Amino acid sequence: TMAPQGGGIHLVLEIEEGRRVKLTSIGFTGNDSLPASELRGQLKTHPRGFLRKGRYNREKLEADAQRVQDYYRNHGFRDAEVTLLPPDFSPDGEQVTVTFAVKEGPRYTFAAPRWRGITVLDSALVGATLLFGAGDPFDQSKIDATLAALYDRYTERGYLVDLRIEPEIDVTGQIVTVTYAVHE
């Protein structure tokens, strides 16, 4: 309703929320290498069940799609893409089923990690800092964690200024070579 009030308009909106949509099922398609049960473990959203309300929230489901994609990329599937398909609502509109579409792509493995430009640290310490080795499945989080660990080794020795460590990634077939280029 609208009513004039002191040269302006007073607007009152009445919103009827309706019933909440219940999420009854979450599925996956295209996940040939990783089981759905493993992927469901990455989700923050859960279908209705014992002690679970199972509320449908598109934004949270989109965030879940990103989490599943990150999980794939940290398990060898460097090119994986995960998208949320359009929801499937029941005829009465009170229940919904959602499905995540997975494009896995090839599974990548690491070659032996390399480094160049390191003069301050000995090779045994650098080797102990590396969190992946030849033949391990590609895992972006291990590249990042190794980078952080290398920075830690340098800062323990007083190198804070002008230090740059850049991971260079080279892909040949399904083999990923990471070279840590250090500028001390």
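Heads up: the structure comes first, above all this text.
Right, let's walk through the structure included here. The model shown is predicted, which means the values in this text are computed figures rather than measured ones.

Quick notes on the rules
Residues numbered from 1 in each chain as written. Predicted model: local features only at pLDDT ≥ 70, side-chain atom pairs only at ≥ 80, totals over all residues. Heavy atoms only, no water. Buried < 20%, exposed > 50% of the residue type's maximum accessible area, 1.4 Å probe, protein only. Helix = DSSP H or I, 4+ residues; strand = E, 2+ residues; numbered from the N terminus. Pairing = 2+ DSSP bridges. Expected span 1.5 Å × (residues − 1). Arc of directions from axis to C-beta. Contact = heavy atoms within 4.5 Å. Polar contact = N/O pair within 3.5 Å; in protein donor to acceptor, adjacent residues only side chain to side chain.

### With respect to the pairing of strand E10 (residues 175–183)
Okay, so step 1: In terms of burial, E10 is a largely internal element, seven of the nine residues being buried.
Okay, so step 2: As paired strands, strand E7 (residues 109–110) and E10 are joined by two bridges and run parallel to one another. Directly across from Phe110, in E10, lies its bridge partner Val176.
Okay, so step 3: The sheet contact formed by strand E8 (residues 114–116) and E10 spans three bridges and is parallel. Note on E10: the bridge partner recorded for Arg114 is Thr179.
Okay, so step 4: Sheet analysis places strand E9 (residues 164–172) next to E10, joined by nine bridges and oriented antiparallel. Bridge assignment links Pro167 to a residue of E10, and that residue is Tyr180.
Okay, so step 5: Taking the residues between adjacent antiparallel strands as the criterion, E9 and E10 are bridged by two residues, where Gly173 takes a positive phi near 65°.

### Focus on the environment of Ala145
Okay, so step 1: As for its placement among the helices and strands, Ala145 is situated in helix H4 (residues 140–156).
Okay, so step 2: Overall, Ala145 belongs to the partly exposed group, its relative accessible area being 33%.
Okay, so step 3: Put simply, Ala145 and Asn31 are 114 residues apart on the chain and 27 Å apart in space, counted from C-alpha to C-alpha.

### Comments concerning helix H2 (residues 58–73)
Okay, so step 1: Taking 1.5 Å of rise per residue, 16 residues should cover 22 Å, and H2 covers 23 Å from first to last C-alpha, within 8% of that figure.
Okay, so step 2: For H2, the set of buried residues is Leu61, Asp64, Ala65, Val68, Gln69, Tyr71 and Tyr72. Around the axis of H2, the buried residues are gathered within 155° of arc, so they sit on the same side. Among the exposed residues of H2, those oriented more than 90 degrees off its buried face are Glu59 and Lys60.
Okay, so step 3: Residues of H2 that are buried sit in contact with strand E3 (22–29), helix H1 (36–40), strand E4 (81–84) and strand E6 (95–103).
Okay, so step 4: By the N-cap criterion, in which a side-chain oxygen at the helix start approaches the backbone nitrogen of a residue two or three places on, H2 is capped by Asn57, the distance to Glu59 being 3.0 Å.

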